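The lines below spell out each chain.
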Amino acid sequence: MRKRLIAFLLVLTVLPVAALPAVAAPPTQAGDVYVVQPGDTLFAIALRFDVTTADIAATNDLSNPNLIFVGQQLIIPGSKPVAEPAIVTNQDEANDTAPPSVSPKVYVVKPGDTLMAIATRFGLAATDLALANSIHNPDYIYIGQQLVIPTVGLSGVGARHPAPFSAIQLSPAPVLQGQTLVVEVTLSQPATISGDFEGRPLFFTGDDRGGWALVGIHALQDVGIYSLALRATLEDGTESVTAMNVVVGEGGYATENIQLAPGRESLLDPEIIQVEQEQMVELWSQLSPRPLWEGTFGLPLAEGRVTSPFGTRRSYNNGPVNGFHGGTDFGAGNGIPIYAPATGRVVLAKELSVRGKAVLIDHGLGVFSGYWHQSEVAVQVGQEVQRGDLLGYVGDTGLVTGAHLHWEMRIGGFAVDPMQWTQMSIP
Ligand SMILES: [Zn+2]
């Protein structure tokens, strides 16, 4: 504790006055107090001290964990041992010959520094340094800023892996709850890649010099660091295994209550839901080995607006929160045309109890997109569709409160945010 107190005071003494936030009297338990810096999020702070955001929120009586402010003093709960930060000052950095350790280092930014230069100095990728410090704009670092020097590569950039792995890239990093994670692997010699995330197998596509796979992160997956295991099998049968950290961040989803019109409630009969769900699971658990889509997805409607985003935690008729919204809802009038956002093959086109008149498209590699509650379906099972092809028309069939399109995407059966696919090219 004494060492930590000294370390903390050292940080304060090397900070230029201008960068010092206006704070109250020095905390009595200095080592356990962290002063919020520009760009900090509660999640980043929690990661840094190996505690949970919930623990920090509880310890500091934070009613809204999204509202922390620069200069705020947060007590870091001591339930887990906090790694000793080793301070690298401008004076002693040249003599920093300490043996490799798992403790994070803190580096204080000096005049002339760039994020890239600092990253290079510590053998890191700039992306990892930015991630570890929640820096969104790499051009914006300031003199006196304390940067945590991570001991593990969070993004995988620059991390060293055994041959034949020559590069492993995870994006986005961190990946948020409900998002699609892309795992790209480059190999230095021909091999077959396989892997798993939380016990779920990954399916790679590519050639014998590398490939990519997708992971659907569950919308209710706990925020934290997870392990992704990768294996390369050489032509002679030799196996090489490595692992990556996957940082899952807060999706920031709200909670809503759905008031169902009388008469529609009966459709919530668990047996009806169950039978329909099993049909769907059977379809979207299939795996077509090749991706049919290419590049960014289009939007399924030419008009209309998002009325309920993906991921919102839901309760029905003021009941308990027992699920989340598995797709994006677009409010649009009856009869508005619905278009395919990308190439794929129709695997379902019929009326269902809960989903109403529905279309499900297989885009390959375990990726499916669904279009529920249509007034009329315009495609047939087995039909190949291209981006922009007519699928059907907006309606209010099935379990709905009004005309809208519910658009959802599944990866290996896991519901992911479809809007991410319209905003970035996956892979
Ligand atoms: Zn919906």
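You'll find the structure just up there.
Residues numbered from 1 in each chain as written. Predicted model: local features only at pLDDT ≥ 70, side-chain atom pairs only at ≥ 80, totals over all residues. Heavy atoms only, no water.

Moving on, we get to the coordination of the zinc ion. Every protein donor of the zinc ion is accounted for by H325 (NE2), D329 (OD), D329 (OD) and H406 (ND1), and the metal-donor separations fall at 1.9 to 2.8 Å. Here the zinc ion binds four donor atoms, and the angle range of 52 to 158° at the metal identifies the geometry as irregular. (Donors = N, O, S within 2.8 Å, 3.2 Å for Na, K, Ca; no water. Tetrahedral: all angles 85-135°; square planar, octahedral: opposite > 155°, others 65-115°.)

This next bit is on the sheet that holds strand β6 (residues 165–171). A sheet is described by the order of its strands in space; here four strands give the open sequence β6-β8-β12-β11, paired in antiparallel fashion. Edge positions in the sheet fall to β6 and β11 (205–207), since each has one partner strand and no second. The average undirected angle you get between the axes of adjacent strands in this sheet is 15°. Judged from the three bridges that link them, β11 and strand β12 (residues 210–216) form a sheet pairing that is antiparallel. (Pairing = 2+ DSSP bridges. Helix = DSSP H or I, 4+ residues; strand = E, 2+ residues; numbered from the N terminus. Axes fitted to C-alpha atoms, helices over the stretch in contact; angles between N-to-C directions.)

If you check helix α6 (residues 270–284), its first and last C-alpha atoms are 21 Å apart, about what 15 residues at 1.5 Å a residue would give, namely 21 Å. Within α6, burial applies to E276, M280, L283 and W284. Looking straight down α6, one finds its buried side chains confined to an arc of 80°; they lie on one side. Exposed residues pointing more than 90 degrees away from the buried face of α6 are listed as P270, E271 and E282. Tucked inside the fold, the buried residues of α6 contact β21 (344–352), β22 (356–364), β23 (367–377) and β26 (404–411). (Expected span 1.5 Å × (residues − 1). Buried < 20%, exposed > 50% of the residue type's maximum accessible area, 1.4 Å probe, protein only. Arc of directions from axis to C-beta. Contact = heavy atoms within 4.5 Å.)

Once that is clear, we can look at unusual backbone geometry. Between A163 and P164 the backbone carries a cis peptide bond, its omega angle lying at 5°. Mapped onto the fold, P164 is located in the loop between β5 (146–149) and β6. For the bond running from A173 to P174, omega is -5°, close enough to zero to count as cis. By the element assignment, P174 lies in the loop between β6 and β7 (175–176). In this structure, E198 takes a positive phi of about 55° despite not being glycine. Within the fold, E198 resides in the loop between β9 (191–197) and β10 (200–202). On the accessibility criterion, E198 (44% relative accessible area) is partly exposed.

Moving on to the sheet that holds β7. The five strands lie next to each other as β7-β14-β13-β9-β10, forming an open sheet whose pairing is mixed. Looking at which strands have only one partner, the edges of the open sheet turn out to be β7 and β10. Pairing of β9 with β10, which is carried by three bridges, proceeds in the antiparallel orientation. Looking at β10, one finds that D196 is bridged to P201.

What follows is about the environment of L115. Examined against the element boundaries, L115 turns out to sit in helix α4 (residues 115–121). In this structure, the C-alpha to C-alpha distance between L115 and P138, residues 23 residues apart in sequence, is 6.3 Å. Residues in contact with L115, not counting those within four places in the same chain, are A126, L129, A130, I135, P138, I141 and L147.

The next thing to look at is the pattern of salt bridges. In the structure shown here, the tally under the stated rule is seven salt bridges. Note that R231 is salt-bridged to E239, the shortest N-O span being 4.0 Å. Where R345 meets D362, a salt bridge forms, and the shortest distance between an N and an O atom there is 3.9 Å. Placement of R345 in strand β21 and of D362 in strand β22 is noted, with a sequence separation of 17 residues between them. (Salt bridge = Lys/Arg side-chain N within 4 Å of Asp/Glu carboxyl O.)

We now examine the nonpolar core. In this structure, L214, W293 and W421 are the most contacted members of the largest nonpolar core, which totals 30 residues. Of all the secondary structure elements, the ones that give two or more residues to this core are β12, β22, β23, β25 (390–394), β26 and α7 (418–423). Take this core: its biggest share by element is four residues, from β26. Built from parts of two domains, this core gets at least three residues from each of domain 2 (165–249) and domain 3 (255–423). Leave out the neighbours within four places in its chain, and W293 touches W212, L214, A342, T343, H363, G364, L365, V367, W421 and I426. If you look at the next biggest cluster of nonpolar residues, it comprises 24 residues, including L187, I193, L202 and L234. (Core = buried A, V, L, I, M, F, W, Y, C linked by side-chain atoms within 4.5 Å. Domains from an automatic or database assignment.)

On a regular strand, each side chain points to the face opposite its neighbour's, so the side chains alternate between the two faces of the sheet. With respect to burial, strand β19 (residues 327–331) is a largely interior element, four of its five residues being buried. Here strand β16 (residues 305–308) runs beside β19; their pairing, made up of three bridges, is antiparallel. By the bridge assignment for β19, V306 is matched with F330. In the sheet, β19 pairs with β26 via five bridges, with the strands oriented antiparallel. Each bridged residue has a counterpart across the sheet, and for G331 the counterpart in β26 is H404.

Let us now look at the packing of aromatic side chains. Between two aromatic rings, the relevant description is the distance of the centres plus the angle of the planes. Counted under the stated rule, the structure contains nine aromatic pairs. With 5.4 Å between their ring centres and 65° between their planes, W293 and W421 make a pair best called edge-to-face. Remark: W421 occurs in helix α7 and W293 occurs in the loop between α6 and β16; sequence separation between them is 128 residues. With respect to class, W293 is no different from W421; both count as buried. Pairing F330 with W407 gives two aromatic rings, centres 6.3 Å apart and planes at 40°, and the pair type is tilted. Here W407 lies in strand β26 and F330 lies in strand β19, a separation of 77 residues in the sequence. Note on F330: relative accessible area 5%, which makes it buried. You can call W407 buried: its relative accessible area is 0%. Members of the aromatic cluster, connected to one another through ring pairs, are W212, W293, F297 and W421. Lying over the aromatic face of W284, R410 brings its terminal NZ or CZ to 3.9 Å of the ring centre. (Phe/Tyr/Trp six-rings, centres within 6.5 Å; stacked < 30°, edge-to-face > 60°. Lys NZ or Arg CZ within 6 Å of the ring centre and 35° of its normal.)

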